[in-house]
Amino acid sequence: MLGLPAGIRACLFDLDGVLTNTAAVHAAAWKEMFDEFFQKYSAEHGTAFRPFDARTEYDEKVDGKPRVDGVRDCLAARGIRLPDGSPDDPPNVETVNGLGNRKNEAVQRRIRTQGVEVFEGSRRYLQATEQAGLRRAVVSSSANTREVLDVTGLAPYIEEVVDGVTIRTEGLLGKPAPDTFLRAAQLFGVDPAEAAVFEDALAGVAAGRAGAFGFVVGVDRVGQADELKAHGADIVVRDLAELLGEDR
C-alpha cells in the first residue's frame, strides 16, 4: 500500500523538494546571493563574471547540505576562499557564515512574500503513513523547517524535526553524512534498518545509504533519476503518489 518493504516502522522525509517545492525558493535565493557576491568579487579581482547556475551548481554544490557547507563548497569549486567567520556574522560581512546568513535572509523574504507550494502527492502520502501507524519525521538542513511546516499546514503530520537548528545545537554533521537521519531514527527508538529515507538531493540519498537505512527513496523532480540511483536510492519516483499506486 505504501510501496515500502516489510519491517519499516518509520519514515524520514527531507523537506525541500520532497514534501514542498521550497527547493525552487532556495535555488532562487542562492542565485540572488551568489550573483551579487560573484559580481562584486569579479569587479574587485578583474575576472569575468560567471552567474551562479541555479540548476547544476545548486544540485551539485549546495542542495541538501547545511548552509555553510553549501557556501564553502560552491566557493571552493570556483577557487575562492573566505574566512568562516562566526554563525552570528551580519549578512553584509563577506565570510562563509555572512554569505550564508545573506542567503537565509533572501529565502525567508521569499517564503513570506511568495508562500510555499506543497506537493499534493506528498501530502496524501503523509496522511497514508499516519493512518498506517508509521512514525514520521522531517530531516532537513534548513533552519526554516518548522516555519515552512507551519505555513503549509504539514506540521500536524510530523512527529519529530531534525533540521539546521538541530545540526547547529547538537553539533551534527550535515548530509551527505548520515548523522541527521540517524538522529531522527534514534528519536523514534528504531534501528536504521527499520526506517525509510525519502530524498530528492544527491547528498541526502548518499546520507541514507551511508546510514544503512532499510529503504532509500529517491524523488526525482529535476530529471536526475540515474544520479539518484548511483548515489544509493533503492527506488526512484517522480512523486510520492506513485508509491500509493497513483499517477503523478
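Here, every reference points to the structure presented above.
First things first, this report covers the structure right here in the doc. Keep in mind the model is a prediction, meaning the values are calculated, not measured.

Conventions and cut-offs
Residues numbered from 1 in each chain as written. Predicted model: local features only at pLDDT ≥ 70, side-chain atom pairs only at ≥ 80, totals over all residues. Heavy atoms only, no water. Helix = DSSP H or I, 4+ residues; strand = E, 2+ residues; numbered from the N terminus. Rg over C-alpha atoms; globule rule 2.2 N^0.38 Å. Contact = heavy atoms within 4.5 Å. Buried < 20%, exposed > 50% of the residue type's maximum accessible area, 1.4 Å probe, protein only. Core = buried A, V, L, I, M, F, W, Y, C linked by side-chain atoms within 4.5 Å. Phe/Tyr/Trp six-rings, centres within 6.5 Å; stacked < 30°, edge-to-face > 60°. Lys NZ or Arg CZ within 6 Å of the ring centre and 35° of its normal. Pairing = 2+ DSSP bridges. Axes fitted to C-alpha atoms, helices over the stretch in contact; angles between N-to-C directions. Polar contact = N/O pair within 3.5 Å; in protein donor to acceptor, adjacent residues only side chain to side chain.

**Looking at the overall build of the protein chain**
Right, on to step 1. The helix and strand inventory of the protein chain stands at 10 helices and 6 strands.
Right, on to step 2. For the protein chain, whose C-alpha radius of gyration is 18 Å, the value lies close to the compact-globule estimate of 18 Å for 248 residues.
Right, on to step 3. Taking the principal axes of the C-alpha coordinates as reference, the protein chain spans close to 60 × 35 × 35 Å.
Right, on to step 4. For the protein chain, long-range pairs separated by at least 24 residues make up 61% of all intrachain contacts whose partners lie at least 6 apart in sequence.

**Quick notes on helix H9 (residues 202–210)**
Right, on to step 1. Counting buried residues in H9 gives 7 out of 9 residues, a clear majority hidden from the surface.
Right, on to step 2. Of the positions making up H9, those classed as buried are Leu202, Ala203, Gly204, Val205, Ala206, Ala207 and Gly208.
Right, on to step 3. On its buried face, H9 sits against helix H8 (179–188), strand S4 (195–199), strand S5 (215–219) and helix H10 (225–230).
Right, on to step 4. One or two positions beyond H9, positive phi appears at alanine 212, with a value near 55°.

**Focus on the nonpolar core**
Right, on to step 1. Counting residues in each nonpolar core, the largest one holds 33 residues, and the members touching the most others are Phe13, Leu19, Phe198 and Leu240.
Right, on to step 2. Mapped by element, the contributors of at least two residues to this core are strand S1 (10–13), helix H1 (22–45), helix H4 (96–114), helix H5 (120–131), helix H6 (145–152), S4 and S5.
Right, on to step 3. For phenylalanine 13, the residues in contact, after removing those within four places along its chain, are Val18, Leu19, Tyr125, Leu126, Thr129, Ala137, Val138, Val139, Phe198 and Leu240.

**A look at the packing of aromatic side chains**
Right, on to step 1. The final tally for this structure, using the stated rule, is 9 aromatic pairs.
Right, on to step 2. Each ring, one from phenylalanine 34 and one from phenylalanine 52, has its centre 5.2 Å from the other, and the planes form 25°; the classification is stacked. Taken together, the residues span a long stretch of sequence, with phenylalanine 34 in helix H1 and phenylalanine 52 in the loop between H1 and helix H2 (56–62) at a distance of 18 residues. Of the two residues, phenylalanine 34 and phenylalanine 52, both sit in the buried class.
Right, on to step 3. With centroids separated by 6.0 Å and ring planes inclined at 70°, the aromatic side chains of phenylalanine 181 and phenylalanine 213 adopt a geometry described as edge-to-face. Of this pair, phenylalanine 181 sits in helix H8 while phenylalanine 213 sits in the loop between H9 and S5, placing them 32 residues apart in sequence. Residues phenylalanine 181 and phenylalanine 213 agree in their burial class; the two are buried.
Right, on to step 4. Put simply, the rings of Trp30, Phe34, Phe37, Phe38, Tyr41 and Phe52 touch in pairs and so form one group of aromatic residues.
Right, on to step 5. A cation over a ring is seen here: arginine 78 above phenylalanine 38, with NZ or CZ 3.9 Å from the ring centre.
Right, on to step 6. The positively charged end of arginine 221 is found above the aromatic ring belonging to phenylalanine 119, 3.6 Å away from the centroid.

**Notes on the sheet that holds strand S3 (residues 160–162)**
Right, on to step 1. In spatial order, the strands read S3-S2-S1-S4-S5-S6; together these 6 strands make up an open sheet with parallel pairing. Each edge of the open sheet carries a strand with a single partner, namely S3 and strand S6 (235–237). Across the sheet, the mean angle separating the axes of adjacent strands is 20° when strand polarity is ignored.
Right, on to step 2. Pairing of S1 with strand S2 (residues 135–139) involves 4 bridges; the strand directions are parallel. From the neighbouring strand, cysteine 11 faces S2, where its bridge partner is arginine 136.

**Focus: the environment of serine 122**
Right, on to step 1. Take serine 122: it is sitting in helix H5.
Right, on to step 2. Sequence separation between serine 122 and aspartate 239 is 117 residues, and the spatial gap between their C-alpha atoms is 7.2 Å.
Right, on to step 3. Leaving out residues up to four positions away in the same chain, serine 122 has contacts with Val18, Leu19, Arg221, Asp239 and Leu240.
Right, on to step 4. In this structure the side chain of serine 122 is engaged in a polar contact, spanning 2.6 Å, whose partner is the backbone oxygen of valine 18.

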